[in-house]
Amino acid sequence: MNPLNALSDAGVSIWLDDLSRERLVSGSLAELVARDRVVGVTTNPTIFAKAITSGDAYDSQIRDLAARGVEVGEALRALTTFDVRWACDVLRPVNEATSGVDGRVSIEVDPRLAHDTAATVAEARALWWLVDRPNLFVKIPAARQGLAAIAECLAERISINVTLLFSLSRYDEVTEAFLDGMERARAAGRDLSTIASVASFFVSRVDSEADARLDKTGTARAAGLRGKMAIANARLAYQHYERVLSSPRWKSLEQAGARPQRLLWASTSAKDPAYPDTRYVTDLVAPNVVNTMPEATLRAVADHGQVPDDSVRAHYDDARRVLGELQAVGVDYDDLVQTLEDDGVAKFDASWEQLTEQLSGTLSTARPPQTGDSS
């Protein structure tokens, strides 16, 4: 069987972790949807920074924005929401065919707002209104200040992709925010079946950080643990997900029409060339999850991926053992995942800052000279 078909049949929704104007204009996204089982798209500030500063696909819109004197923040929203709205339209048939489960496109709030709850909620409302498509996900980082924003947005019937998740304890806080938001939506009389959410658990970045710390210890025992933490961490997250689905709070919401908050595996390209290029896909196969991957990883899976029926649920005991051994050799779990969360927000913040500066300069250059009143 085609590995992408096997992945889909095993219950994994294949999403593309990339979006650009060129991909939309060329029909590349539509082709991936039609031929490669792609049923969703994720974006982030780094992806948009690369897209907008590469090539000339955005030049015409940037000239129009400059001519209108639009300031850089609003110009950036205009550029990104245009792409996301278009992608939502490409994925709309998938969304309808899956009764709203897939066919989703994500756009992230300005990462510089990650530690400001009120500003995050306001930005999420603005993006929801600007894109104006039912198959949108607004991405909010899982930093502690984002938890209240996640609950508030869900209560207002804004579908949310919770991003930059590394920690099992933070994931538990995210599921609590999800349940709280859905309960508030139910109390407000909203149709829960129209509200969707995913929790984006990052994978390969965990190994990159853990391996660097293991290498510093210089012991054979530590070396034997290289490349094991990320998969173990993600598998245990799925166990937490199963616990939520068995809880009375969720059962009550489910009876009211709510959909579960699915786990989404993010950061699924292998950063270390010593590791198989499909490992963060084929080692995390489980029912009702999403795997968002760059096109190179998608092509690798299609070419030589060996897809099992389930590579998660039989491995909980081993995953706990791996995390225990990592702690025993001196890798502090809590410090590692907090470092990853802080770095994740900082990297997206830096990408957004760099893009804002570049776009500001481009707008200034493209802005036509002012002329006096000739009447």
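Description of the structure in this document. Because the structure is a prediction, the values reported are computed rather than measured. (Residues numbered from 1 in each chain as written. Predicted model: local features only at pLDDT ≥ 70, side-chain atom pairs only at ≥ 80, totals over all residues. Heavy atoms only, no water.)

## What to know about the overall build of the protein
So the rule is basically this: In this text, helices come from DSSP runs of H or I with a minimum length of four residues, and strands from runs of E with a minimum of two, each type numbered from the N-terminal end. Only protein chains enter the accessibility calculation, which uses a 1.4 Å probe; a residue whose area is less than 20% of its type maximum is buried, one above 50% is exposed, and one in between is partly exposed. It only takes one pair of heavy atoms within 4.5 Å for two residues to be counted as in contact. We get accessible surface area from the Shrake-Rupley algorithm with a probe of 1.4 Å; when it comes to residues, only the shown protein chains can shield them. The convention is simple: Lys and Arg are positive, Asp and Glu are negative, and His and the chain ends are not counted. To locate a charge, take atom NZ for lysine, CZ for arginine, CG for aspartate or CD for glutamate.
When you go through the protein residue by residue, the secondary structure sums to 17 helices and 8 strands. Considering only C-alpha atoms, the protein reaches an extent of 80 × 50 × 45 Å along its principal axes. In the protein, which comprises 375 residues, the share counted as buried stands at 53%. Residue pairs at least 24 apart in sequence account for 79% of intrachain contacts in the protein once pairs closer than 6 positions are excluded. Counting only carbon and sulfur atoms, one obtains 49% of the accessible surface of the protein, whose full area is about 15,500 Å². The distance from the centre of the 41 positive side-chain charges to the centre of the 54 negative ones in the protein is 3 Å.

## Overview of the packing of helix 6 (residues 72–97) against helix 7 (residues 117–131)
As a reminder of what qualifies: Between the N-to-C directions of two axes lies an angle of 0 to 180 degrees, each axis being a line fitted to C-alpha atoms and, for a helix, fitted only over the stretch in contact. Comment on the angle field: the value is read as roughly parallel under 35 degrees, roughly antiparallel over 145, roughly perpendicular from 65 to 115, and oblique elsewhere. By convention, the crossing between two helices is left-handed when the near helix turns anticlockwise from the far helix through less than a right angle, and right-handed when the turn is clockwise.
At a minimum axis separation of 9 Å, helix 6 and helix 7 run at an interaxial angle of 55 degrees. Classed by the angle they form, the pair helix 6 and helix 7 counts as oblique. When you trace helix 6 past helix 7, the crossing you get is right-handed. Only Glu123, Leu127, Leu130 and Val131 of helix 7 make contact with helix 6, whose side of the interface consists of Arg77, Thr81, Val84, Arg85 and Cys88.

## Comments concerning the environment of arginine 68
Residue position: arginine 68 is located in the loop between helix 5 (59–67) and helix 6. Residue classification places arginine 68 among the exposed positions, given a relative accessible area of 63%. Considered as a pair, arginine 68 and asparagine 288 are 220 residues apart in the sequence and their alpha carbons are 46 Å apart.

## Considering the pattern of salt bridges
Put simply, the rule reads: Criterion for a salt bridge: a side-chain nitrogen of Lys or Arg within 4 Å of a carboxyl oxygen of Asp or Glu.
Applying the stated criterion across every chain, the model contains 32 salt bridges. Ionic pairing is found between glutamate 31 and arginine 35, a salt bridge with its closest N-O pair at 3.3 Å. Taken together, the residues glutamate 31 and arginine 35, both in helix 3 (residues 28–35) and 4 residues apart, mark about one turn of the helix. For aspartate 310, the salt bridge goes to arginine 313, with nearest N and O atoms at 2.5 Å.

## Regarding helix 5
Put simply, the rule reads: Here, the arc refers to the directions that run from the helix axis to the C-beta atoms.
For helix 5, the complete set of buried residues consists of Gln61, Ile62, Leu65 and Ala66. Projected down its long axis, helix 5 carries its buried residues within an arc of 140 degrees, all on one side. Its buried side turned inward, helix 5 meets helix 2 (21–26), helix 6 and helix 17 (333–366).

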